[in-house]
Amino acid sequence: MRLTIERRLDQPRWLAAVVPVVSVAAALVLAGIVLLVTGHDPFSSYRKLFDAAFVQTGSVGQTLIAATPLAFTGLGAAAAFRMRLYNIGGEGQLYMGAIFGSGIGLLLGGAGGASPGVIAAMVAAGCVGGALWASIPGVLRAFFGTSEILTSLMLNYVAGYLLTYLIFQSQSYWRQTKGFNATVFPTGKPLPSNAVWPAWNVHAQGGIPIPLGAFFAVLAGLVLWVLYKRTRFGFEVQVLGDSEGAARYAGVPVRRKILAVMAISGAVAGLGGASQVGDFSHALDGDPNGLQKQAYGYSGIVVAALGRYNPFAVLLVALLIGGLDNAGNTLQGADFPSGLVGVIQGIILFCALGGEVLVRHRLRVARRVAATPELEPVA
Amino acid sequence: MNNALVVVLLASGVAYGTPLLFASLGELLAERSGVLNLGVEGMMLVGAVMGFWTVQRVHVGSGALALILALVVAAFSGAVMAAIHAFLVITLRANQIVSGLALTIFAGAVGLSSYLGSDLNLADVPASRTFHPFFPSTMQNWPIVGPIVFGQTPLVYLSWACVVAIVYYLARTRPGLNVRAVGEAPGAADAMGISVTKYRYVHTLVGGAFAGVAGSTFTLALTPQWVNGITGGAGWIAIALVIFAFWRPELCLVGAYFFGALQALAPELQARNISLGPTELWTNALPYAATVVVLVLVSWRGASRRLGAPAALGVAYVREEA
């Protein structure tokens, strides 16, 4: 008996929806086995996980805080991966968005309540920062044919060191230099009050603040969906992703598409960086154990892959993975092993990747046929 | 004389470069067979934690035996991690990039390695056995070559042996030539009767084993303890290094020591009160920036083909579609 994999001629629509769901379920079973083997009770671990992510007082608010950056990096990755442009530099683009966004916030901000003008400028600056950073691998790919995978990855580290440098190793514009605390531990300069992004309070679970960034993420998802599904640009990107040869033959300007898609992808991740600063940290976080430990950019790729690069699915998955992250943070210590969240995320992604094969191919169990079949005796 | 900046940098370059060298040799083998594995960081961390676990918890007679066993365990656990990637990308033909990243998330600093480290209670204790410099201290005090060549742990000499072995393997042996064929033209290799699947599996797994050993270099020699995320991005540098070295093992050695020396540069300069601008920023960022430059150079006008990038790197092989 042997397994063979054959390409499907038609891809049923329902499979595309079922596979991610089954992937998550299978991942929970597999991670449960990991838990069992290492002597934990999977059911109680999962119940705690779910409680901490969505049920406990204040948990939904925390989950939203974790999900917002993932939505941005996920949408950014999805925007590029759709064209088989593997921008894995969402991490660095997010940092650059945070640097640009906080820079403009510090520059233009002042006293008083949230100012739409300042916030708009921060959003724009975040997008520009991310887009510029993503354009480095974009330009290199478009003009020199350099693989964007490795260049965008390398630039994550460069951006990370730059972020640390701005707060820890220099007297930069972003660093708080006045006050007692600043001499004890280096921190970012706090944003002026009108550059702090507002949040809407929903009266449930003891008040759930919905950050402004979450609305921007939904908006970004909507814009991307329209762009990719309803415009000529999106169609050309789709064609280019499926077959570069066909796209060239049809007269699609390949170079310009690469530049544009990388810039869009970086801009969305960069907006996530601006939202980090404006919504949550209210100062540039250069601590290597702070923002950089969260690995939002890398998790964003998980989110994008699990959402099969569909903007709405990406938003939904971001909420799920955000819940997982949030639960991991709250539960850490006690009897909840620290790396469990990464293990579950990794297994979900493995299952989704394996499942992807089932969308495109069918498995067939073929029995080994004997070389010379015996003749049936004639009655 | 042995305190001269150059000597100190070269000596620590060799020491810090060794994990990079092991990991990049492994990645090189996988890539030569056509499999890009971005999970090096994760495989290294699992190797690091399992190697450390072995010296702490498995009791065997002699110290040397315990350390050898630890290397074996580290190599094995690295290979197990690589097997996940191999199954997904070779058998199921999944996307190599996403799968490699998934492996790093699964096994890396927020995943399995951290899980094992906390579950097995390994954090914050020094290793009970570590690799020490191999040669007697009189030899280590010889001018210049003393610290650079004779002041190193056996792992360094093991890595040199691996470089020689892999150079010989790829250039002079039948399976070595076969693996190059598999990486360059899997269709042709298949037609010759070489099993593309088998070669890719074996080299991806061996690559994982090298990454595991590379990780244990941290926990058994360089910084002998277990700290979450102890490799600190070395796995990514190792991937960069393979390109930096044009997919050639002997150049991996040069590049590894260069990047290793860069890591030692900032603290060394600081200790000597020498200021060269934002030293920490550029010494940390330089390996990555240099790799970007090299990537551009090798990809310019198809130079990467001449310089050694396997033609089928990152492409799944399907017999009927080739």
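Check the entry above for the structure.
In what follows, the accompanying structure is described. All residue numbers refer to position in the chain's written sequence, counted from 1. Labels follow written order: the first chain is A, the first ligand is 1, and so on. Residues qualify for local features only when their pLDDT is at least 70, as the model is predicted, and side-chain atom pairs are given and counted only at 80 or more; totals for whole chains, interfaces and linings, by contrast, use all residues.

1. Looking at the overall build of chain A
Then, in step 1: Broken down by element type, chain A carries 15 helices and four strands.
Then, in step 2: Along the first, second and third principal axes, the C-alpha atoms of chain A reach 100 × 60 × 40 Å.
Then, in step 3: For every residue, the other C-beta atoms within 10 Å of its own C-beta are counted; 20 or more classify it as buried, 12 or fewer as exposed, and values in between as partly exposed. C-beta atoms are placed from the backbone. The buried share of chain A, reckoned over its 379 residues, is 53%. Numbering of helices and strands runs from the N terminus; a helix is a DSSP stretch of H or I covering at least four residues, while a strand is a stretch of E covering at least two.

2. A few points about the overall build of chain B
Then, in step 1: In terms of regular secondary structure, chain B is built from 15 helices and zero strands.
Then, in step 2: Computed over its C-alpha atoms, the radius of gyration of chain B comes to 20 Å, within 12% of the 20 Å expected for a compact globule of 322 residues.
Then, in step 3: Taken over the C-alpha atoms alone, chain B extends approximately 60 × 45 × 35 Å along its principal axes.
Then, in step 4: Here chain B, with 322 residues, has 53% of them falling under the buried criterion. The globule rule used for comparison is 2.2 Å times the number of residues to the exponent 0.38, while the radius of gyration itself is calculated over C-alpha atoms.

3. Quick notes on the interface of chain B and chain A
Then, in step 1: In this description, a residue-residue contact is defined by the distance between C-beta atoms placed from the backbone, which must lie within 7 Å. Each side of the interface is counted separately: chain B has 40 residues, and chain A has 42 residues.
Then, in step 2: Elements represented by at least two residues in the side of chain B that touches chain A include exactly helix H3 (63-91), helix H4 (96-107), helix H5 (112-119), helix H12 (234-244) and helix H14 (279-299) of chain B.
Then, in step 3: Looking at the side of chain B that touches chain A residue by residue, the classes come out as 26 nonpolar, eleven polar and three charged. Only Asp, Glu, Lys and Arg are considered charged in this grouping, and only Ala, Val, Leu, Ile, Met, Phe, Trp, Tyr, Cys and Pro are considered nonpolar; every other residue, Gly among them, is considered polar.

4. So, the pairing of strand E3 (residues 208-211) of chain A
All names here are of chain A.
Then, in step 1: Direction of pairing for strand E2 (residues 199-202) relative to E3: antiparallel, over a ladder of four bridges. In the sheet register, Asn201 faces E3, and the bridge partner there is Pro209.
Then, in step 2: Any two strands with at least two DSSP-identified bridges between them are counted as paired. Counted between consecutive antiparallel strands, the loop separating E2 from E3 contains five residues, among which Gln205 sits at a positive phi close to 55 degrees.

5. Description of the environment of Ile166(B)
All names here are of chain B.
Then, in step 1: Along the chain, Ile166 turns up in helix H8 (residues 154-172).
Then, in step 2: Overall, Ile166 belongs to the buried group, with 22 C-beta atoms counted inside 10 Å.
Then, in step 3: Counting along the chain gives 70 residues from Ile166 to Trp236, while the straight-line C-alpha distance between them is 21 Å.
Then, in step 4: Not counting the four nearest positions on each side in its chain, Ile166 is found in contact with Leu25, Leu29 and Pro249.

6. Thoughts on unusual backbone geometry
Residues and elements named next belong to chain B.
Then, in step 1: Of note in this structure, Arg93 is not a glycine but carries a positive phi near 55 degrees.
Then, in step 2: Within the fold, Arg93 resides in the loop between H3 and H4.
Then, in step 3: Arg93 gets classed as partly exposed once you count the C-beta atoms within 10 Å, which come to 19.
Then, in step 4: Of note in the backbone geometry, Trp247 takes a positive phi value of approximately 60 degrees without being a glycine.
Then, in step 5: By secondary structure assignment, the location of Trp247 is in the loop between H12 and helix H13 (249-271).
Then, in step 6: A tally of 23 C-beta atoms within 10 Å means that Trp247 is categorised as buried.

7. Quick look at the nonpolar core
Then, in step 1: A set of buried Ala, Val, Leu, Ile, Met, Phe, Trp, Tyr and Cys residues, joined to one another through C-beta atoms within 7 Å, is what we call a nonpolar core. Among the nonpolar cores identified, the biggest contains 219 residues, and Val314(A), Ala318(A), Leu349(A), Ala23(B), Val49(B), Ala240(B) and Leu241(B) are the most heavily contacted of them.
Then, in step 2: Those residues in contact with Ala23(B), other than ones at most four positions away along the chain, are Val40(B), Met44(B), Phe210(B), Ala211(B), Ala214(B), Ala234(B), Gly235(B) and Ala238(B).

8. Regarding the packing of helix H4 (residues 90-108) of chain A against helix H11 (residues 254-281) of chain A
Residues and elements named next belong to chain A.
Then, in step 1: An axis is simply a line fitted to the C-alpha atoms; with a helix, the fit covers only the stretch in contact. Between two such axes, the angle follows the N-to-C directions and lies from 0 to 180 degrees. Their axes nearest at 6 Å, the elements H4 and H11 cross at an angle of 50 degrees. Classified by the angle between their axes, H4 and H11 sit oblique to one another. Regarding H4 and H11, the two cross each other, and that crossing is right-handed. Taking contact as the criterion, the partners of Gly90, Gln93, Leu94, Tyr95, Met96, Gly97, Ala98, Phe100, Gly101, Ser102 and Gly105 in H4 are, on H11, Gly266, Ala269, Gly270, Leu271, Gly272, Gly273, Ala274, Gln276, Val277 and Gly278.
Then, in step 2: When grouped by side-chain class, the residues that make up the contact of H4 with H11 number nine nonpolar, twelve polar and no charged. Should an angle lie under 35 degrees it is considered roughly parallel, over 145 roughly antiparallel, and from 65 to 115 roughly perpendicular; all remaining angles are considered oblique. Left-handed is the label given to a crossing in which the near helix is rotated counterclockwise from the far helix by less than a right angle, and right-handed is the label when the rotation is clockwise.

9. Details of the packing of helix H1 (residues 5-32) of chain B against helix H11 (residues 196-222) of chain B
All names here are of chain B.
Then, in step 1: Contact geometry for H1 and H11: axes closest at 7 Å, N-to-C directions at 170 degrees. The orientation of H1 relative to H11 falls into the category roughly antiparallel.
Then, in step 2: Partitioning the contact of H1 with H11 into residue classes produces 16 nonpolar, seven polar and two charged.

10. Overview of helix H14 (residues 311-331) of chain A
Then, in step 1: Taking 1.5 Å per residue as the helical rise, H14(A) with its 21 residues ought to reach 30 Å, and the 30 Å between its terminal C-alpha atoms agrees with that figure.
Then, in step 2: Among the 21 residues of H14(A), 16 are classified as buried, and the element is accordingly described as predominantly covered. Under the convention used throughout, the expected extent of a helix is 1.5 Å for every residue step, that is, one less than its residue count.

11. Some remarks on H4(A)
Then, in step 1: With 19 residues, H4(A) extends 26 Å between its outermost C-alpha atoms, agreeing within 8% with the 27 Å of an ideal straight helix rising 1.5 Å per residue.
Then, in step 2: Across the 19 residues that make up H4(A), a large majority, 17, are buried.

12. Some words on the environment of Ile344(A)
Residue and element names in this part refer to chain A.
Then, in step 1: Structurally, the position occupied by Ile344 is in helix H15 (residues 340-360).
Then, in step 2: A count of 28 C-beta atoms within 10 Å places Ile344 in the buried class.
Then, in step 3: Taking C-alpha positions, Ile344 is 35 Å from Phe185, a pair spaced 159 residues apart along the chain.

13. Observations regarding the environment of Asn201(A)
Residues and elements named next belong to chain A.
Then, in step 1: The topology assignment puts Asn201 in strand E2.
Then, in step 2: The exposure class assigned to Asn201 is exposed, which follows from the 11 C-beta atoms found within 10 Å.
Then, in step 3: When the C-alpha positions of Asn201 and Leu319 are compared, they lie 18 Å apart, and in sequence the two are 118 residues distant.

Fair warning: the whole summary comes from geometry, so function is off the table for now.
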